[in-house]
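Now for the letters of each chain:
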Amino acid sequence: MRSYAIYVAKRVLQFALVVFVGISITFLITHLTPIDPVEHAVAQVSTFGFSSPESIELLRQSLKELYGVGDNLWEEYLIFWRRLAMLDFGPSLSAFPTPVSELIGRAIPWTIGLLTVSTILSWFVGNILGGLAGYYSRNRILRILGMIMMGLHPVPYYIVAFVLLIVFTFLLPILPSSGGYEMNQATGWTPQFVGSVLLHSILPSLSLILVGVGSWFMGMRALVSNIVTDDYVTYAALAGVPDKKLVTSYVMRNAFLPQITGLAMSIGAIFNGAVITEQVFGYPGIGRLLVEAVHAADYSLVLGITSIAIIAVSAAVFIIDIIYPLIDPRVQVSQ
């Protein structure tokens, strides 16, 4: 128990270090941009004839407080960490005066809904089919399926997105091409709105699932192909263990452990958003918001999105690191 406590303490320090370094680098990169948010906002106001020197100076001081801008980079850095502790990234430069946290809060549910469902479905289907293909390696149907998955595996998901967009919105116009729901649709937990959201999510989720299934399929098939040659599997087969139980309880059960780790990391990474897919389908998620922020040079919004993504991915890895020794006793926590 003491060795596990030391192991967890090391992982906590590792998690804190990764978050600190990652966010610090992001802060420096965003602040190397030549755009000063305060002067940019002052210039926008001045174009409307607001030119009193005293008023402009008062506005400049107020905006410095809003954006957390100090007299030097070190002061800005300390202000940023103090605000980050309260999840306050200041107002958005491109959507002033809307707070960055509010913009992220609007976009995150769309990305979480889309990528969580897509990730879990692709993980489940890919692992089941991959496990069967690895165990029944001589089955003709599964071998053909393996060839299809090998073809899908290296294809970028945005290529699949473009193909689906062309086929199902132009050649066969049966699905909506963009947006998260029907235009002018009243939002709320009504059957009409929910149905519209589900309909608009089919194409973006399908583009992610098709590529994701190929990746999980290849990994699971490789794991199962190695496990079926292990001594305990051979002994169980010779002892007369039923084939169905051999596949589920002996082979795929052990092969699932590293795949569960991969699933947790994938779920942690959903806060990055499927940037290109959301752009292709005009989906109102965090990835599209990030692209718009980059185009508008809104470094407050970019910094907010990337900081949350770094924390989410690091947290996913941390949770897996501390849980994995509990579900797999072969892991030596003392190392």
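None of these values were measured; they are calculated from a predicted model. (Residues numbered from 1 in each chain as written. Predicted model: local features only at pLDDT ≥ 70, side-chain atom pairs only at ≥ 80, totals over all residues. Heavy atoms only, no water.)

This part takes up the overall build of the protein. Counting its secondary structure elements, the protein contains 13 helices and zero strands. Listed by position from the N terminus, the elements making up the protein come as α-α-α-α-α-α-α-α-α-α-α-α-α. Taking all 335 residues of the protein together, 41% fall into the buried category. Counting only contacts in the protein whose residues sit at least 6 apart along the sequence, the fraction spanning at least 24 positions is 74%. Accessible area of the protein: about 18600 Å², with a carbon and sulfur share of 68%. (Helix = DSSP H or I, 4+ residues; strand = E, 2+ residues; numbered from the N terminus. Buried < 20%, exposed > 50% of the residue type's maximum accessible area, 1.4 Å probe, protein only. Contact = heavy atoms within 4.5 Å. Areas by Shrake-Rupley, 256 points an atom, 1.4 Å probe, with all protein chains shown as cover.)

Before going further, it helps to spend a moment on the pattern of salt bridges. Within this structure, the stated rule accounts for two salt bridges. For R106, the salt bridge is made with E102, and the minimal N-O distance between the two is 2.5 Å. In this pair, R106 and E102 are both assigned in helix α5 (residues 100–135), four residues apart and thus about one turn of the helix distant. By relative accessible area, R106 is classed as partly exposed at 47%. Across the salt bridge formed by E292 and R288, the nearest N and O atoms sit 3.4 Å from each other. (Salt bridge = Lys/Arg side-chain N within 4 Å of Asp/Glu carboxyl O.)

Per the stated rule, a full pass over the model turns up eight aromatic pairs. Relative to W81, the ring of F20 lies with its centre 5.7 Å away and its plane at 25 degrees, an arrangement referred to as stacked. Here F20, found in helix α1 (residues 2–31), pairs with W81, found in helix α4 (residues 73–84); they are 61 residues apart in sequence, far enough to count as distant. What makes F20 partly exposed here is its relative accessible area of 42%. Given a relative accessible area of 24%, W81 falls into the partly exposed group. (Phe/Tyr/Trp six-rings, centres within 6.5 Å; stacked < 30°, edge-to-face > 60°.)

Attention now goes to the environment of Y135. For Y135, the location among the structural elements is in helix α5. Sequence-wise, Y135 and S225 are 90 residues apart; in three dimensions their C-alpha atoms are separated by 6.5 Å. Non-local contacts of Y135, meaning those with residues more than four positions away in its chain, are made with V224, V228, D243, L246, V247 and V251.

Residues L17, F20, V21, I25 and I29 make up a contiguous nonpolar surface patch of roughly 470 Å² in combined accessible area. Considering the arrangement of structural elements, one finds I29 in helix α1. By relative accessible area, I29 is classed as exposed at 55%. (Patch = residues over 30% accessible without salt bridge, like charges linked within 9 Å, V, L, I, M, F, W, Y side chains within 5 Å.)

Here we take up the environment of I227. Position of I227 among the secondary structure elements: in helix α8 (residues 191–227). Note: C-alpha distance between I227 and V251 (24 residues apart in sequence) is 6.3 Å. Leave out the neighbours within four places in its chain, and I227 touches Y232, V233, Y250, V251, N254 and A255.

Put simply, helix α7 (residues 157–171) and α8 touch, their axes get as near as 9 Å, and they point 135 degrees apart. Relative to α8, the element α7 lies oblique. Crossing handedness for the pair α7 and α8: right-handed. Side by side, α7 and α8 meet where Y157, V160, A161, L164, F168 and T169 of the first sit next to L203, L206, S207, L208, L210 and V211 of the second. In terms of residue class, the contact of α7 with α8 is made up of ten nonpolar, two polar and no charged. (Axes fitted to C-alpha atoms, helices over the stretch in contact; angles between N-to-C directions. Parallel < 35°, antiparallel > 145°, perpendicular 65-115°, else oblique. Left-handed = near helix turned anticlockwise from the far one by under 90°. Nonpolar A, V, L, I, M, F, W, Y, C, P; charged D, E, K, R; others polar.)

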